[in-house]
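Chain residues, written in single-letter form:
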Amino acid sequence: MPKVKTNRVKIPEGWELIEPILSELQATMREAENDPHDGKRKCEALWPIFKIAHQKSRYIFDLYHRRKEISKELYEFCLDQGYADRNLIAKWKKPGYERLCCLRCMQPRDHNFQTTCVCRVPKHLREEKVIECVHCGCNGCASGD
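Calculation criteria
- As a convention, each chain's residues are numbered from 1 in the sequence order in which they are written.
- Local features in this predicted model are restricted to residues of pLDDT 70 or higher, and side-chain atom pairs are both shown and tallied only at a pLDDT of 80 or more, whereas totals for entire chains, interfaces and linings draw on every residue.
- Calculated side-chain values reflect all of the structure's heavy atoms, with hydrogen atoms and water omitted.
- UniProt positions are given in the numbering used here, feature names are shortened, and annotations may be inferred rather than shown by experiment.
- Any Lys or Arg side-chain nitrogen located within 4 Å of an Asp or Glu carboxyl oxygen qualifies as a salt bridge.
- Only DSSP runs of H or I covering at least 4 residues are called helices, and only runs of E covering at least 2 are called strands; the numbering of each starts at the N terminus.
- With a 1.4 Å probe rolled over the protein chains alone, any residue whose accessible area is under 20% of its type maximum counts as buried; one over 50% counts as exposed, and the rest are partly exposed.
- We define a nonpolar core as any set of buried Ala, Val, Leu, Ile, Met, Phe, Trp, Tyr and Cys residues linked to one another through side-chain atoms lying within 4.5 Å.
- By the convention used here, residues are in contact when the closest approach between their heavy atoms is within 4.5 Å.
- Each Phe, Tyr or Trp ring (for Trp, its six-membered ring) is paired with any other whose centre lies within 6.5 Å, and the angle between the two planes then decides the class: stacked below 30 degrees, edge-to-face above 60, tilted in between.
- By definition, being over a ring means that NZ of Lys or CZ of Arg is both within 6 Å of the ring centre and within 35 degrees of the ring normal.

Labelled according to an unreviewed UniProt entry, the chain appears under the name Protein BUD31 2, originating from Salvia divinorum. Check the Subcellular location (unreviewed entry) section of the UniProt entry for the chain; it says "Nucleus".

Listed below in structure tokens is the structure:
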């Protein structure tokens, strides 16, 4: 007879420390998803969602890699449960991508002339000083800024 699978996930120790902030960010995400986007461009309606997803991932990344306040088990639990973006965090660990806003900004297939997004260009090399990324609304995420 096959094993009966249950949906019970064991919550690691330390979850009560980060749970209030993650639930607050989740509530903000729900508000951003339900927010009417009348008068906005199609891409502008998604910008708040990208920013909140970035905030959640950055929060968990900083707690584990920078401040070392959470355990590896709790970190893996957050990644497995979808509280943070595993691929974005993997890019943050690489040199030159420490401030990357989203994964779409570095994908050449999503941009004109098969290059990266304009927000990845350092500020001192830009012709226009004030820019906004079309994909996520970022003002600049190059490492040299």
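Anyway, onward from the coordinates.
A. Structural context of the pattern of salt bridges. In this structure the tally under the stated criterion is six salt bridges. In this structure, Arg 66 engages Asp 62 in a salt bridge whose closest nitrogen and oxygen atoms are separated by 3.4 Å. Residue Arg 66 and its partner Asp 62 are located together in helix H2 (residues 47–66), separated by four residues, close to a single helical turn. When its relative accessible area of 53% is taken as the criterion, Arg 66 is described as exposed.

B. Up close: the nonpolar core. With 30 residues, the main nonpolar core has Ile 18, Cys 101, Cys 105 and Cys 119 as its most contacted residues. Cys 105 has contacts with His 111, Thr 116, Cys 117, Cys 119, Arg 120, Cys 133 and Cys 136, leaving out every residue within four places of it along the chain.

C. View of the packing of aromatic side chains. Counted by the stated rule, this structure contains four aromatic pairs. Centre to centre, the rings of Trp 15 and Tyr 83 are 5.2 Å apart; their planes meet at 50°, and the pair counts as tilted. Note that Trp 15 is positioned in helix H1 (residues 15–34) and Tyr 83 in the loop between helix H3 (72–80) and helix H4 (86–92), a separation of 68 residues in sequence. For Tyr 83, a relative accessible area of 24% gives the class partly exposed. Centroid distance Tyr 64 to Tyr 75: 4.2 Å. Interplanar angle 10°. Geometry classified as stacked. One end of the pair, Tyr 64, is in helix H2; the other, Tyr 75, is in helix H3, and eleven residues separate them in sequence. Both residues of the pair, Tyr 64 and Tyr 75, belong to the buried class. Three or more aromatic residues link up through ring pairs in this structure, and these residues are Trp 15, Phe 77 and Tyr 83. The lysine or arginine in question, Arg 58, covers the ring of Trp 92, its NZ or CZ lying 3.9 Å from the ring centre.

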